[in-house]
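Below, each chain spelled out in residue letters.
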Amino acid sequence: MASARARHILAPTEDAANDLKDQIAAGADFAELARQYSTCPSSQRGGDLGSFAPGQMVKEFNDVCFNEEIGVVHGPVKTQFGYHLIEVTGRQD
């Protein structure tokens, strides 16, 4: 069965998400920024969401996790929860 692994940072605004993405691009640690700034409970795990199957996440999040490049920070991706920076860390078909 297909699955993906990802970590994310959930920010309240697109500007906040873009600022965090710029910090990551400049060399900041994704997990450390997630612990400090993400508004999701996964922040305690550095944004790690573990493994999940297609359809378990909201559509916008799911589409990135199962279609976009692994190991790249994608986003901001807007969902009903806010703005996500998503890094797909693995995928199995």
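What comes next is a walk through the structure.

Rules used in this analysis
Residues numbered from 1 in each chain as written. Predicted model: local features only at pLDDT ≥ 70, side-chain atom pairs only at ≥ 80, totals over all residues. Heavy atoms only, no water. Buried < 20%, exposed > 50% of the residue type's maximum accessible area, 1.4 Å probe, protein only. Helix = DSSP H or I, 4+ residues; strand = E, 2+ residues; numbered from the N terminus. Pairing = 2+ DSSP bridges. Phe/Tyr/Trp six-rings, centres within 6.5 Å; stacked < 30°, edge-to-face > 60°.

**Digging into the pairing of strand E4 (residues 82–92)**
Then, number 1: Among the 11 residues that make up E4, 8 are buried, leaving the element largely enclosed by the rest of the structure.
Then, number 2: Pairing of strand E1 (residues 3–11) with E4, which is carried by 9 bridges, proceeds in the antiparallel orientation. When the sheet's bridge partners are listed, Ile 9 is paired in E4 with Leu 85.
Then, number 3: Across 5 bridges, the pairing between strand E3 (residues 73–79) and E4 is antiparallel. Pairing of Val 73 across the sheet is with Glu 87, part of E4.

**As for the packing of aromatic side chains**
Then, number 1: Across all of its chains, the model carries 1 aromatic pair by this definition.
Then, number 2: Measuring from ring centre to ring centre gives 6.1 Å for Phe 52 and Phe 66, while their planes differ by 85 degrees; the resulting arrangement is edge-to-face. Here Phe 52, found in strand E2 (residues 48–52), pairs with Phe 66, found in helix H3 (residues 59–67); they are 14 residues apart in sequence, far enough to count as distant. Like Phe 66, Phe 52 is buried.

Keep in mind these values describe shape, not function.
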